[in-house]
Amino acid sequence: MSGSSPARPSVVVIGGGYAGVNVAKSLDDVADVVLVEPKDAFVHNVAALRALVDPGWLPRIYLPYGRLLSHGRVVQDRAAKVDAGRVVLASGEELPADYLVLATGSSYPFPAKSDVDSTVEAHEKTLGTHAALAAAARVLLVGAGAVGIELAGEIKAVWPAKQVTLVDVADDVLGGPFRPELKAELRRQLAELGVPVLLGSPLVTAPPTEPGELRTFTVQTEAGTEVTADIWFRCYGVIPVSDYLAGGLAGARGADGHIEVTPTLQVAGQDRVFALGDVSTADRKVAGAAGRQAVVVAGNIRALIEAGSGAAGDAGAAGGAAGLSEYQPALPGIVVPIGPEGGSGQRAGSEDLLPPEMVAQLKGRDMMVGRFAELLGLAAGDADEDPAGDGPPPR
Ligand SMILES: Cc1cc2nc3c(=O)[nH]c(=O)nc-3n(C[C@H](O)[C@H](O)[C@H](O)COP(=O)(O)OP(=O)(O)OC[C@H]3O[C@@H](n4cnc5c(N)ncnc54)[C@H](O)[C@@H]3O)c2cc1C
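As the structure is a computational prediction, the values presented were derived from the model and not from experiment.

## Structural notes on the pattern of salt bridges
Following the criterion strictly, the structure yields 17 salt bridges and no others. Here aspartate 29 makes a salt bridge to arginine 302, at a shortest N to O gap of 2.7 Å. Here aspartate 29, found in the loop between α1 (18-27) and β2 (32-36), pairs with arginine 302, found in helix α7 (residues 287-306); they are 273 residues apart in sequence, far enough to count as distant. Taking relative accessible area as the criterion, aspartate 29 reaches 32% and is therefore assigned partly exposed. Classification of arginine 302 as partly exposed rests on a relative accessible area of 23%. Taking the shortest distance from any N to any O, the salt bridge between lysine 363 and glutamate 150 comes out at 3.2 Å. With lysine 363 in helix α8 (residues 356-364) and glutamate 150 in helix α5 (residues 146-158), this pair connects stretches of sequence that are 213 residues apart. Comparing lysine 363 with glutamate 150, the two get one shared label, buried. Via salt bridges that share partners, Glu185, Arg188 and Glu192 belong to a single interconnected network.

Written out as structure tokens, the structure reads:
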């Protein structure tokens, strides 16, 4: 295909995370794609905890967008108001959109996800927190889900002598629809590393310091256990980002902030507006699912374009177009590293738990950086290939 032509319909993709980059790249040959993203680089946040304990990983997880698209463009800005067919950016610029893709994902407390838009500032923030963590002898992690468990493993892998404590109001680690045997195995490995896991009791009061701040404090669980630590991190709190929906799209935002989608990943009641990834109701909030949804969304937009429902105003079969694919949510699966060489997991349809060696191969060792460098059009460099070959493990 040659470069952009006025006849090509416009596709505005909002959000350049796992979902957005995949959709934008897949449609680059058939549409005028504009990817709107406030950050100046794609953040491979699946490896963010590794970069906290080993900042040498930072350049491998902040991947500039410059080579993602051959025809389309990436606009560094934030969508402020989005209605069907029209996007208003924070800068005031307006983008017409024949097709809209809502891929604004979710926020999560730092360091699991980055909350600054500049790569330079994000690196500085991680380096500062790394220094604070390095100087702390005792670490409290509030939340014993996948992020808390993974962070405990990362810290112990680099600083085995540090005292790390996990606390959670839930009665078991991990949460979610996972097998009791998996939770027991993760608890066993944490115990082997000397990580106490205090379950079934919330903290009486939150720590008096900011997360990531180096200052000693003592807190108590409601069950009466005291924990003294020099630093703490919040390891819970996925919040969908959908506050920009306006006009006719405002109603698609559910009470919890997720955007309601149909099995074809169209926003309920909309023919040319799609939503996917963490912000949508399509499936569990994992990058693996976002990648699989991106295939469905890109395929459906391509089908609509090829069926002739191109530029806005065309008579077209956008709504009832036959042949749109439906997304099938995956059965529960998860891979939880505990340091580069430990951890466990479960695969959909398999009775066996994943042994640490398999977890290390799938995620723990290379954190799949090569796959994303390649997607962004960058040389994989020293990054290894993802041996699974089908995107991030289903977490
Ligand atoms: C520590 C950690 C480890 C994880 N490990 C795994 C794993 O091993 N496997 C797995 O499958 N999943 C994993 N996950 C989950 C995974 O990170 C998420 O499911 C994934 O980020 C969802 O991708 P997304 O594209 O929907 O959203 P996001 O990755 O959140 O991307 C959304 C993008 O939209 C941008 N944006 C937000 N608002 C606007 C706006 N108004 N205008 C324009 N752009 C906007 C944001 O800047 C962001 O870049 C992990 C998560 C964490 C925190």
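## Details of the packing of α1 against α7
Between α1 and α7, the shortest axis-to-axis distance is 8 Å and the interhelical angle comes to 30 degrees. Taken as axis vectors, α1 and α7 run roughly parallel relative to one another. You can see that α1 and α7 cross each other, and the crossing is right-handed. Between α1 and α7, the residues in contact are Tyr18, Ala19, Asn22, Val23, Ser26 and Leu27 and Ala287, Ala290, Gly291, Ala294, Val297, Ala298, Ile301 and Arg302, respectively.

## Looking at the confidence of the model for the chain
Across the chain, the average pLDDT comes to 92, with 91% of residues at 70 or higher. Low pLDDT (under 50) marks residues 311-321, which in the prediction has 19 contacts with non-local residues, meaning those over four places away or in another chain. Between residues 382-390, whose pLDDT stays under 50, and residues either more than four places distant or in other chains, the model counts 22 contacts.

## Side note on the nonpolar core
The biggest cluster of nonpolar side chains holds 65 residues, and the ones touching the most others in it are Leu100 and Leu102. Here the element with the most residues in this core is α7; it accounts for 10 residues. Contact partners of leucine 100, with chain neighbours within four places excluded, come to Val12, Ile14, Val82, Asp83, Ala84, Gly85, Val87, Leu249, Arg272, Val273 and Phe274. Counting 33 residues, the second-largest nonpolar core is a separate cluster that includes Val139, Ala152, Ile155 and Phe233.

## As for the sheet that holds strand β21 (residues 353-354)
If you trace the three strands from one edge of the open sheet to the other, you get β19-β20-β21, paired in antiparallel fashion. Either end of the sheet is taken by a strand with one partner, and the two such strands are β19 (334-338) and β21. Summarising the sheet, β19 and strand β20 (residues 342-346) pair through five bridges and their orientation is antiparallel. If you follow valine 336 over to β20, its bridge partner there is serine 344. Contacts between helix α6 (residues 180-192) and the sheet are confined to β19, β20 and β21, with β20 contributing the most and set at about 175 degrees to the helix.

## Section: helix α4 (residues 119-135)
Since there are 3.6 residues in each turn of an α-helix, residues three or four apart along the chain are aligned in direction. The end-to-end C-alpha distance of α4, which contains 17 residues, comes to 24 Å, matching closely the 24 Å that a straight helix rising 1.5 Å per residue would cover. Listed in full, the buried residues belonging to α4 are Thr119, Ala122, His123, Thr126, Thr129, His130, Ala132 and Leu133. For α4, the capping residue at the N-terminal end is serine 118, with a side-chain oxygen 3.3 Å from the backbone nitrogen of valine 120.

## Quick notes on the side chain of aspartate 98
Summarising the element assignment, aspartate 98 is placed in the loop between β8 (94-96) and β9 (99-102). The buried charged residue aspartate 98 lacks any salt bridge partner; its closest oppositely charged side chain belongs to arginine 272, at an N-O distance of 4.7 Å. A polar side-chain atom of aspartate 98 sits 2.8 Å from the main-chain amide nitrogen of serine 10.

About the criteria used
Residues numbered from 1 in each chain as written. Predicted model: local features only at pLDDT ≥ 70, side-chain atom pairs only at ≥ 80, totals over all residues. Heavy atoms only, no water. Salt bridge = Lys/Arg side-chain N within 4 Å of Asp/Glu carboxyl O. Helix = DSSP H or I, 4+ residues; strand = E, 2+ residues; numbered from the N terminus. Buried < 20%, exposed > 50% of the residue type's maximum accessible area, 1.4 Å probe, protein only. Axes fitted to C-alpha atoms, helices over the stretch in contact; angles between N-to-C directions. Parallel < 35°, antiparallel > 145°, perpendicular 65-115°, else oblique. Left-handed = near helix turned anticlockwise from the far one by under 90°. Contact = heavy atoms within 4.5 Å. pLDDT = per-residue confidence, 0-100. Core = buried A, V, L, I, M, F, W, Y, C linked by side-chain atoms within 4.5 Å. Pairing = 2+ DSSP bridges. Expected span 1.5 Å × (residues − 1). Polar contact = N/O pair within 3.5 Å; in protein donor to acceptor, adjacent residues only side chain to side chain. Lys, Arg positive; Asp, Glu negative; His and termini not counted.

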